[in-house]
Structures are given as structure tokens and as C-alpha cells.
Amino acid sequence: MYVCLCMGVCDREIREAMNEGACSVSQVMECTGAGTRCGSCRSTIAELVGDREGAATPRRLVMAPVSSAA
């Protein structure tokens, strides 16, 4: 099952990262790239890792400046 559609990471890859020592959402993100784009999959990663705190990380949206055409 795909967990992170943005980066194409499935639950198997997340479990492999955990077997290799990743024990938090941020470590799984670093190892797999999952959760590093839009962040909507972080809660699912947290469930797999068993880390509820990592799921509460707020996302920061970047807005492009709006120019006025006069």
C-alpha cells in the first residue's frame, strides 16, 4: 500500500527503514523521503512507527507573492 503518493513510498519501504533503525517519523522521512513534500501522509507514517507526536508537526504553507497588473 502506498503511504506517500508524492514520493512513491509504500508501507513496505517504511517498515524496511524501521528494521534498519528508523524509530521516529523524522527518521523515516529522512530515510525514505516519505512525508517531505505535502506532509499529508505523516499521520500514517506515525501510526506505522507508533509515534503520535510526529503526526502533530504543523505544516508550513508557502504562498507566492501576488503582483498587481496595473
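Our structure is the block above this text.
Draft legend 1. Region of interest: the pattern of salt bridges. Enumeration according to the criterion identifies two salt bridges in this entry. Arg 15 serves as the salt-bridge partner of Asp 11, at 2.8 Å between the closest nitrogen and oxygen. Of this pair, Asp 11 and Arg 15 both sit in helix 1 (residues 11–19), four residues apart, which is roughly one turn of that helix. On the basis of relative accessibility, which here comes to 41%, the residue Arg 15 falls in the partly exposed class. Arg 12 is the salt-bridge partner of Glu 16, the closest N and O atoms lying 3.1 Å from each other. Taken together, the residues span about one helical turn, with Glu 16 and Arg 12 both in helix 1 at a distance of four residues. We classify Glu 16 as partly exposed; its relative accessible area is 36%.

Draft legend 2. Just the state of the cysteines, in detail. A complete count under the given rule lists zero disulfides for this structure. With no disulfide of its own, Cys 41 lies closest to Cys 4 among cysteine sulfurs, the gap being 3.9 Å.

Conventions we followed
Residues numbered from 1 in each chain as written. Predicted model: local features only at pLDDT ≥ 70, side-chain atom pairs only at ≥ 80, totals over all residues. Heavy atoms only, no water. Salt bridge = Lys/Arg side-chain N within 4 Å of Asp/Glu carboxyl O. Helix = DSSP H or I, 4+ residues; strand = E, 2+ residues; numbered from the N terminus. Buried < 20%, exposed > 50% of the residue type's maximum accessible area, 1.4 Å probe, protein only. Disulfide = S-S within 2.5 Å.

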